[in-house]
Amino acid sequence: MENLYKTKEAKDLDDLELRVYTSRLLGSNDSLVLHGGGNTSVKIGGTLYVKGSGWDLATIEKEGFSPTRTIDLIMLLEHERISDIEMVEYQRDALEDKSAPNPSVEAILHALIPYKFVDHTHADAMVTISNSHRGEDLIEEIYEGYLIVPYIMPGFLLAKMVYNMTDNIEWENIKGIVLHNHGIFTFANDAKESYDNMIESVSLAERYIKKLQKKKTHDLDKIQKLISECKGYEVSMRVNQSKVAKQIASKEDMRLSQQGVLTPEHIIRTKRIPIIFEDNYEKELNDYIKAYHDYFERNYIDEEIMLNPAPNWAVLKDFGTLSFGRDEKEASIIEDINNHTMKAMITAKKLGGYKSISEEDSFYMEYWELEQMKLKK
Ligand SMILES: [Zn+2]
């Protein structure tokens, strides 16, 4: 996530002006806050200037921050429970200027955090991860050093929970607060630092998602083009994302595919092994072709003419498999064969591992006159 803070623009601003400045930076990014969401504050003396309801961070002015007595808000945490209506009343009572807007529903939590500047957003990237099936584990992994709070209703209950959770801990050891299914709080005694912390916190989640997406997407058109160029004709391509294809494409089992055919005659359709595509397709294809040449050289006897060295099927890391044929029919025959081979490879793991015929025997089969004749038909 881009950090929009410009030292030049923030020069000569007082604390409240700085609060307006970085609040607007947060508000300008709709992947951080949407339509009046999120809130910020600054403590000046004993007064908490916290975003007032009805204001939008993107366009907030100084008057959008409600001056509230910090200590009065913190005192509310002595209550075991108060209703939302009571909370709004108490918060209004704590206002130093009764014409100011109602303080944000998160005002008590802002008061509780012992730093001058407090920033709160509902960052898409972080809530996306939190709202996933493995959300709890992933947030734990990504947000090391943060206080991680399980979901609870915003407002008094949330403030009370953070109050209890931070009872015995040093705030200086907390990088920020991650609220499950809700958002992030960051803080510092400096406006820029609190904003920087927010950008960094959101970037942690964004980088995680990016890494994940990088693993999962492949440029299928590009692969089809590369294979077609190599074969000298436009190949038909079949995409297989069945459970077994995905398993063979997993990091753990990818190498299983490199161990040879299930039964000798398959080799005329599938070649001995598929190519594995991870990210650098050109290089991976060149390496495959070079390895095919080496295989030919190693096993060549006398009269064989090398077949086209391009692969007939491919394993795409973290995606599935592809089968390439002259036409749809040939591609689907290759896919059928692969499905059986992959299943056997996975099952054979339980039998101590998959083991095919030797490379030499494979070569005899691939270049066997009778098989070559079958192909020509
Ligand atoms: Zn919130």
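Remember, it's a predicted structure, so these values are computed and weren't measured experimentally.

So, the overall build of the protein
Across its full length, the protein holds 16 helices and eleven strands. In terms of overall size, the protein is more extended than a compact globule, its C-alpha atoms giving a radius of gyration of 31 Å where 377 residues would be expected to give roughly 21 Å. Referenced to the eigenvectors of the C-alpha coordinate spread, the extents of the protein come out at roughly 95 × 45 × 35 Å. Residues classed as buried in the protein amount to 50% of the 377 residues present. Within the protein, contacts between residues at least 6 apart in sequence are counted, and of these 68% link residues at least 24 apart. Summed over all atoms, the accessible surface of the protein reaches about 19500 Å², with 50% contributed by carbon and sulfur. Computed over 47 positive and 64 negative side-chain charges, the separation of the two mean positions in the protein equals 4 Å.

Notes on empty space enclosed by the protein
Here the structure, examined in full by the defined rule, presents one cavity of 30 Å³ or more. There is about 60 Å³ of room inside the largest cavity. Split by residue class, the lining of the largest cavity holds six nonpolar, six polar and one charged.

Let's talk about the sheet that holds strand β11 (residues 320–325)
One open sheet holds the four strands; their spatial order is β8-β11-β10-β9, and the pairing between them is mixed. Edge positions in the sheet fall to β8 (236–240) and β9 (275–277), since each of these pairs with one other strand and no more. Taken pair by pair, the neighbouring strands of this sheet meet at an average axis angle of 25°, ignoring direction. Direction of pairing for β9 relative to strand β10 (residues 313–316): parallel, over a ladder of three bridges. Looking at β10, one finds that Ile-275 is bridged to Ala-314.

Observations regarding the packing of aromatic side chains
What the rule picks out here adds up to twelve aromatic pairs. Residues Phe-296 and Tyr-300 carry aromatic rings whose centres are separated by 5.5 Å and whose planes lie at 50° to one another, so their mutual orientation is tilted. Phe-296 sits in the buried class, given a relative accessible area of 7%. According to the relative accessible area criterion, Tyr-300 is partly exposed, its value standing at 38%.

Some thoughts on the coordination of the zinc ion
Looking at the zinc ion, the protein donor atoms are His-120 (NE2), His-122 (NE2) and His-182 (NE2), and they sit 2.1 to 2.2 Å from it. If you list the donors of the zinc ion from N- to C-terminus, the spacing comes out as H-x1-H-x59-H. Of this pair, His-120 sits in strand β4 (residues 117–121) while His-182 sits in the loop between β6 (177–179) and β7 (183–188); the two residues are 62 residues apart in sequence, bridging distant segments of the chain.

Structural notes on unusual backbone geometry
One non-glycine residue, Asn-181, adopts positive backbone phi at about 60°. Residue Asn-181 is classed as partly exposed on the basis of its relative accessible area, which comes to 34%. The phi torsion at Lys-271 lies on the positive side, around 65°, for a residue other than glycine. If you trace the backbone, Lys-271 turns up in the loop between α12 (267–270) and β9.

Focus: the layout of surface pockets
Empty space within the second largest pocket amounts to approximately 320 Å³. Considering the residues around the second largest pocket, the lining is formed by 18 residues, among which Gln-258, Ile-273, Pro-274, Tyr-288 and Ala-291 are closest to the centre. If you list the elements that add at least two residues to the lining of the second largest pocket, you get β9, α13 (281–299) and α15 (359–366). Sort the elements by how many residues they give to the lining of the second largest pocket and α13 lands first, with seven residues.

Calculation notes
Residues numbered from 1 in each chain as written. Predicted model: local features only at pLDDT ≥ 70, side-chain atom pairs only at ≥ 80, totals over all residues. Heavy atoms only, no water. Helix = DSSP H or I, 4+ residues; strand = E, 2+ residues; numbered from the N terminus. Rg over C-alpha atoms; globule rule 2.2 N^0.38 Å. Buried < 20%, exposed > 50% of the residue type's maximum accessible area, 1.4 Å probe, protein only. Contact = heavy atoms within 4.5 Å. Areas by Shrake-Rupley, 256 points an atom, 1.4 Å probe, with all protein chains shown as cover. Lys, Arg positive; Asp, Glu negative; His and termini not counted. Charge placed at Lys NZ, Arg CZ, Asp CG, Glu CD. 1 Å grid on protein atoms, 1.4 Å probe; cavity = no way out; pocket = protein on both sides within 12 Å on 5 of 7 lines; lining within 4 Å. Points joined across faces, edges and corners; volume = space filled by probe spheres on them. Nonpolar A, V, L, I, M, F, W, Y, C, P; charged D, E, K, R; others polar. Pairing = 2+ DSSP bridges. Axes fitted to C-alpha atoms, helices over the stretch in contact; angles between N-to-C directions. Phe/Tyr/Trp six-rings, centres within 6.5 Å; stacked < 30°, edge-to-face > 60°. Donors = N, O, S within 2.8 Å, 3.2 Å for Na, K, Ca; no water.

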